[in-house]
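Topology and contacts: notes
Residues per chain, in single letters:
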Amino acid sequence: MEFPQNYFCAEVRDDFEIPAMMKRAWAAELEVLSVIADVCERHHLQYFADYGTLLGAVRHKGFIPWDDDIDVAMPRADFEKAMAIIEEKYSDKYYILNGAHDSRYPL
């Protein structure tokens with residue numbers, strides 16, 4: 001993904017200061033979300049924004065200014081398929097951290 005250079009500048013939204021580092025985190029999250037969306041759309045898997053990501057999309061037309069993660073939900077069967085596809089096709093760039101790889105993150 002490409003972002004305009006001014007995307008990474010600190011700004012104030014809703015009386016909350018968003019530092020440049022947060023904007024960089026958001027850019028990385030948007031890149032990951034685009035991969036998830038691509039995999040799901042290509043393989044007809046159901047997915048949707050949830051929790052703070054959904055609230056931010058509706059209320060803020062983007063990220064909630066103080067939120068630092070993305071929340072994606074999907075049916076379990078679609079999740080299992082998506083994880084297998086991402087591990088197979090994107091393991092050179094992404095690592096899926098969950099209970100399948102690390103017992104600190106149970107499935």
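Structure: see above.
Residues numbered from 1 in each chain as written. Predicted model: local features only at pLDDT ≥ 70, side-chain atom pairs only at ≥ 80, totals over all residues. Heavy atoms only, no water.

1. A look at the nonpolar core
Put simply, the test is: Only buried Ala, Val, Leu, Ile, Met, Phe, Trp, Tyr and Cys residues count toward a nonpolar core, and they belong to the same one when joined by side-chain atoms within 4.5 Å. Only protein chains enter the accessibility calculation, which uses a 1.4 Å probe; a residue is then buried when its area is under 20% of its type maximum, exposed when over 50%, and partly exposed in between. By the criteria applied, helices consist of DSSP H or I runs no shorter than four residues and strands consist of E runs no shorter than two, each listed in order from the N terminus.
Counting 11 residues, the largest nonpolar core is built from V35, I36, V39, C40, L45, A82, M83, I85, I86, Y94 and I96. Contributing elements (two or more residues each) for this core: α1 (20-42) and α3 (76-90). One finds F8, M22, W26 and A27 within the second-largest nonpolar core, a separate group that totals 7 residues.

2. Quick word on the environment of R76
Tracing the chain through its elements places R76 in helix α3. Considering only alpha carbons, one finds R76 and V58, 18 residues apart in sequence, at a separation of 25 Å.

3. A closer look at helix α2 (residues 51-59)
Here is the rule we go by: This arc corresponds to the set of directions leading from the helix axis out to the C-beta atoms. Residue contacts are counted whenever heavy atoms from the two residues lie within 4.5 Å of one another.
All of the buried residues along α2 are G52, T53 and G56. Down the axis of α2, the smallest arc covering the buried residues is 100°, so these residues share one side. Of the exposed residues in α2, those oriented more than 90 degrees away from the buried face are Y51 and V58. Residues of α2 that are buried sit in contact with β3 (48-49).

4. Here we look at the layout of surface pockets
Put simply, the rule reads: Definitions used for this entry: grid spacing 1 Å over protein atoms alone; cavity, a set of points where a 1.4 Å probe fits but cannot get out; pocket, an open set with protein on both sides within 12 Å along at least 5 of 7 lines; lining residue, one with an atom within 4 Å of a point. Grid points are joined across faces, edges and corners, and a volume is the space filled by probe spheres set on the points. Residues are grouped as follows: Ala, Val, Leu, Ile, Met, Phe, Trp, Tyr, Cys and Pro are nonpolar; Asp, Glu, Lys and Arg are charged; every other residue, Gly included, is polar.
Looking at the largest pocket, its volume works out to about 490 Å³. Taken together, 19 residues line the largest pocket, and the ones lying closest to its centre are V32, I36, M83, I86 and I96. Put simply, the parts of the chain that give the lining of the largest pocket at least two residues each are α1, β4 (72-73) and α3. Of all the elements, α3 adds the most residues to the lining of the largest pocket, at 5 residues. For the lining of the largest pocket, the residue count by class is 16 nonpolar, 1 polar and 2 charged.

5. Quick look at the side chain of D67
Inclusion rule: Asp and Glu are treated as the negative residues and Lys and Arg as the positive ones, with His and the ends of the chain left uncounted. Salt bridges are counted wherever a side-chain nitrogen of Lys or Arg sits within 4 Å of a carboxyl oxygen of Asp or Glu.
Within the element layout of this structure, D67 appears in the loop between α2 and β4. Buried within the structure, D67 lacks any salt-bridge partner; R59 is the closest side chain of opposite charge, at an N-O distance of 8.6 Å. Not counting residues within four places of it along the chain, the set of residues in contact with D67 comprises M22, W26, G52 and T53.

6. Regarding the pattern of salt bridges
According to the stated counting rule, one finds 5 salt bridges in the structure shown. A salt bridge links K23 to E11, with the shortest nitrogen-to-oxygen separation between them at 2.6 Å. Highlighted residues: K23 in helix α1 and E11 in strand β1 (residues 11-13), separated in sequence by 12 residues. Looking at K23, the relative accessible area reads 1%, which means it is buried. For E11, a relative accessible area of 27% gives the class partly exposed. For R76, the salt bridge identified is with E80, shortest N-O distance 3.0 Å. Placement of the pair is R76 and E80 together in helix α3, with a separation of 4 residues, close to one helical turn. For R76, a relative accessible area of 46% gives the class partly exposed. Several salt bridges share partner residues, and in doing so they unite E11, R13 and K23 into one network.

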